[in-house]
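# Coordinates in review
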Amino acid sequence: MLELIKANFTESIQTKIAASEALASPIEQAAMLLVQCLLAGNKILTCGNGGSAGDAQHFSSELLNRYETERPSLPAIALTTDSSTLTSIANDYAYEEVFSKQIRGLGNQGDILLAISTSGNSRNIVKAIEAAVSRDMPIIALTGGDGGDVAGLLGENDIEIRVPSNRTARIQEVHLLVIHCLCDLIDSILFPQGDS
Ligand SMILES: O=C(CO)[C@@H](O)[C@H](O)[C@H](O)[C@H](O)COP(=O)(O)O
Ligand SMILES: [Zn+2]
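Residues numbered from 1 in each chain as written. Chains lettered and ligands numbered in written order. Predicted model: local features only at pLDDT ≥ 70, side-chain atom pairs only at ≥ 80, totals over all residues.

## Remarks on the overall build of the protein
For the record, the criterion: Counting from the N terminus, the helices are the DSSP runs of H or I reaching at least four residues and the strands are the DSSP runs of E reaching at least two. In this setup the radius of gyration rests on C-alpha atoms only. A globule is expected at 2.2 Å times the number of residues raised to 0.38. Any residue surrounded by 20 or more other C-beta atoms within 10 Å of its C-beta is treated as buried, while 12 or fewer makes it exposed and the intermediate range makes it partly exposed; C-beta atoms here are placed from the backbone. Contact between two residues is assigned whenever their backbone-derived C-beta positions fall within 7 Å.
Scanning the protein from N- to C-terminus turns up seven helices and five strands. Starting at the N terminus, the α and β elements of the protein follow one another as α-β-α-β-α-α-β-α-β-α-β-α. The C-alpha radius of gyration computed for the protein amounts to 16 Å, which stays within 12% of the reference 16 Å derived for 196 residues, consistent with globular compactness. Along the longest, intermediate and shortest principal axes, the C-alpha atoms of the protein span 50 × 45 × 30 Å. Looking at the 196 residues of the protein, the share that counts as buried comes to 42%. For the protein, the share of sequence-separated contacts (at least 6 apart) that also reach a separation of at least 24 residues comes to 71%.

## Quick word on the sheet that holds strand β2 (residues 76–78)
Formally: Between any two strands, at least two bridges found by DSSP are needed for them to pair. Interaxial angle, 0 to 180 degrees, is taken between N-to-C directions of lines fitted to C-alpha atoms, where a helix line uses only the stretch in contact.
Overall, parallel pairing links the five strands, which are arranged β2-β1-β3-β4-β5 in an open sheet. Single-partner strands in this sheet number two, and they are β2 and β5 (159–163). Put simply, the sheet's adjacent strands are angled 15° from each other on average, direction ignored. Across the sheet, helix α2 (residues 51–64) lies against β1 (44–48), β2 and β3 (112–116), angled at about 160° from β1, the strand it touches most.

## So, the site of ligand 1
Threshold: Residues are counted as near a molecule or strand when the C-beta atom, derived from backbone positions, lies within 6 Å of that molecule or strand. Amino acids outside the nonpolar list (Ala, Val, Leu, Ile, Met, Phe, Trp, Tyr, Cys, Pro) and the charged list (Asp, Glu, Lys, Arg) are all regarded as polar, and Gly is one of them.
Taken together, the neighbourhood of ligand 1 is formed by Asn49, Gly50, Gly51, Ser52, Ser117, Thr118, Ser119, Ser122, Ile125, Thr168, Ala169 and Gln172. Broken down by secondary-structure element, the contributors of at least two residues to the shell around ligand 1 are α2 and α7 (168–190). It is α7 that contributes the most residues to the shell around ligand 1, three residues altogether. Residues of the shell around ligand 1, tallied by class, amount to two nonpolar, ten polar and no charged.

## Side note on the nonpolar core
Quick reminder of the rule: Each nonpolar core reported here comprises buried Ala, Val, Leu, Ile, Met, Phe, Trp, Tyr and Cys residues connected via C-beta atoms within 7 Å.
Among the nonpolar cores identified, the biggest contains 52 residues, and Leu113, Ala115, Ala128, Ile129, Ile139 and Leu182 are the most heavily contacted of them. Leaving out residues up to four positions away in the same chain, Ala128 has contacts with Cys47, Phe99, Ser100, Ile103, Leu113 and Ala115.

## Looking at the UniProt feature "binding site: substrate" (unreviewed entry) in the protein
Put simply, the rule is: UniProt positions are given in the numbering used here, feature names are shortened, and annotations may be inferred rather than shown by experiment.
As annotated in UniProt, the feature "binding site: substrate" (unreviewed entry) corresponds to Asn49, Gly50, Gly51, Glu62, Asn91, Asp92, Ser117, Thr118, Ser119, Ser122 and Gln172 in the numbering used here. Taken along the chain, the residues just named run across 124 residues; in space they spread out, the farthest C-alpha pair reaching 32.2 Å. Along the chain, Gly50 turns up in the loop between β1 and α2. Taking the C-beta count within 10 Å as the criterion, Gly50 has 14 such neighbours and is therefore assigned partly exposed. Mapped onto the elements, Asn91 comes out in helix α3 (residues 83–92).

In structure tokens:
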């Protein structure tokens with residue numbers, strides 16, 4: 001048991017060290033894109049499944065409320081939270097449409113879609129990206145493995161932050177760190193002294 005625990009910690013740490021080299025540049029680019037979006041008065045929509053739904057909500061709550069310092073609320077919506085909307089879209093159409101239909105209703109040109117998928121292959125994430133493209137929304141995709149179908153859908157102005165791991169749990173652990181880096185960078189650029 002203790003060996004298994006140690007192995008999980010070791011693998012997580014090693015994945016984070018590898019990611020810190022590979023992902024610093026795309027994380028910086030994503031932070032700049034998010035800041036531009038917010039300065040232009042646009043908003044951020046987030047989505048994901050399972051643990052990644054939690055990550056999508058984690059990020060939107062840190063924007064709407066706060067991260068570490070006092071500052072004004074920033075506009076973000078997690079598309080994973082409205083059970084009436086999610087169940088009716090899944091029931092009347094298909095589960096793969098649960099995010100895309102919300103994006104077509106809520107997304108405006110210049111809003112950002114933050115799409116989270118460890119495999120890059122979840123159909124509702126693929127459909128969400130297609131909907132964002134149709135609304136002229138830039139996309140930031142948090143992925144892992146080989147990037148899956150998501151990687152092939154992104155345009156030159158979109159950003160993929162792909163964790164160098166094939167294990168869902170390890171990828172999710174780095175995704176959360178990436179989300180906290182993005183919050184830290186947004187706050188330090190927009191509110192240098194933590195002023196509100
Ligand atoms: O948290 C975990 C596994 O660690 C699961 O809930 C996991 O998020 C779910 O199986 C998701 O459906 C996986 O989707 P994706 O990351 O491949 O898009
Ligand atoms: Zn998980």
